[in-house]
Amino acid sequence: MFEIKDLDETRAPLLDHLIELRTRIIRALLALGVGFAVCLYFADEILGILVQPLKNAFPEGKGQLIFTKLPEVFFVELKVALFAGFMVSFPVIANQLWAFVAPGLYAREKKAFLPFLLATPVLFTAGASLAYFVVMPVAFTFFLGFGGMTGGLDVQALPSAGDYLSLVMQFILAFGLTFLLPVLLLLLHRAGIVSREQMVAARRYVIVGIFVIAAIVTPPDPGSQLVLAIPLWLLFEASLVLMRLQEKAVAADRAAREAELAAEQAAAE
């Protein structure tokens, strides 16, 4: 007969999970705090790295950043330290997340999930690197090209430190997150939510969506949009190939487990 247990009988496992979750969150926050403190100490150096694309886009010796509010640079350094601190501490945060989730997974589920966990920082770093080394120099050169004489007035670019940092973070986060498209698609495929056949049938719509996303998250120059859209398109095509390999691996694993079960049943008989 179905029996509903009292709360006292089920309290310990729930409390154990909550204590474990609290421990993992505290460790992740401590890692973030240490990363923030270290990056705050080197905030000037980190900001110096972030401004290099803008410095290189200016004519030699003419680049500058201004601030229009007295505390602006102070808050810019705090944002830089928090942003960089999260990047530095992300492996520890991801490890704590994995340590909390992994005990509830079977061995084959761990094997299936672990590649996605490893691919996430790699793809994010690839997208952020593309933004920093390729897209931002092209975009900043494009924007600075609008300076000059207009109506008898000298139009000069005087970017503020806060606005520039926001733009850089937008570039890095947009490119880093969009490069996680294969991880998202493969997770959905692994969960059975989408199939490879559905993705192939919707290819033209996905490509249009990729170009729309590129137009939204990048500045309005066509060069930046193409630099994001084309790699995303290639990553989508690569995801289809990986889906086929994943289907073959799942089918082989299922066949092996069925054969093992049949062998155990035959031995028992």
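For the structure, see preceding data.
Here's what I pulled together on the structure shown here. Please read these numbers as outputs of a predicted model, since none were measured by experiment. Residue positions are given per chain, counting from 1 as you read along its sequence in written order. At least 70 in pLDDT is required for a residue's local features to be given in this predicted model, at least 80 for side-chain atom pairs to be given and counted, and no such filter applies to totals for whole chains, interfaces and linings, which use all residues. Values shown for side chains rest on all heavy atoms present in the structure; no hydrogens or waters enter the calculation.

A closer look at the layout of surface pockets
Cavities and pockets are found on a 1 Å grid laid over the protein atoms alone: a cavity is a set of points where a 1.4 Å probe fits but cannot escape, a pocket is an open set with protein on both sides within 12 Å along at least five of seven lines, and a lining residue has an atom within 4 Å of such a point. Grid points are joined across faces, edges and corners, and a volume is the space filled by probe spheres set on the points. Here the largest pocket defines a volume of roughly 580 Å³. The wall of the largest pocket is formed by 22 residues, among which Met87, Phe124, Thr125, Ala128 and Ile172 lie closest to the centre. Going along the chain from the N terminus, every DSSP run of H or I of four or more residues is numbered as a helix, and every run of E of two or more is numbered as a strand. Only α2 (43-50), α4 (72-101), α5 (107-144) and α6 (161-178) provide two or more residues apiece to the lining of the largest pocket. For the lining of the largest pocket, the element with the highest residue contribution is α5, accounting for eight residues.

A word on helix α9 (residues 203-217)
Helix span, expected: 1.5 Å multiplied by one less than the number of residues in the helix. For α9, which comprises 15 residues, the first-to-last C-alpha distance of 21 Å matches the rise-based estimate of 21 Å (1.5 Å per residue) to within 8%. In this scheme, a residue with accessible area under 20% of its type's maximum is buried, one over 50% is exposed, and one in between is partly exposed, where area comes from a 1.4 Å probe on protein chains only. Within the span of α9, buried status applies to Ile207, Ile210, Ala214 and Val217. Down the axis of α9, the buried side of the element spans an arc of 105°, and every buried residue falls inside it. Across α9 from its buried face, at more than 90 degrees, point the exposed residues Arg204, Tyr205, Val208 and Ile216. The arc in question is the one spanned by the directions pointing from the helix axis to the C-beta atoms.

What to know about the packing of aromatic side chains
Geometry of aromatic contacts follows a simple scheme: Phe, Tyr and Trp rings, the Trp one being its six-membered ring, pair when their centres are within 6.5 Å, and the pair is stacked under 30 degrees between planes, edge-to-face over 60, tilted otherwise. Inspection of every chain in the model, using the stated rule, returns eight aromatic pairs. Taken together, the ring pairs connect Phe140, Tyr164, Phe171 and Phe175 into an aromatic cluster.

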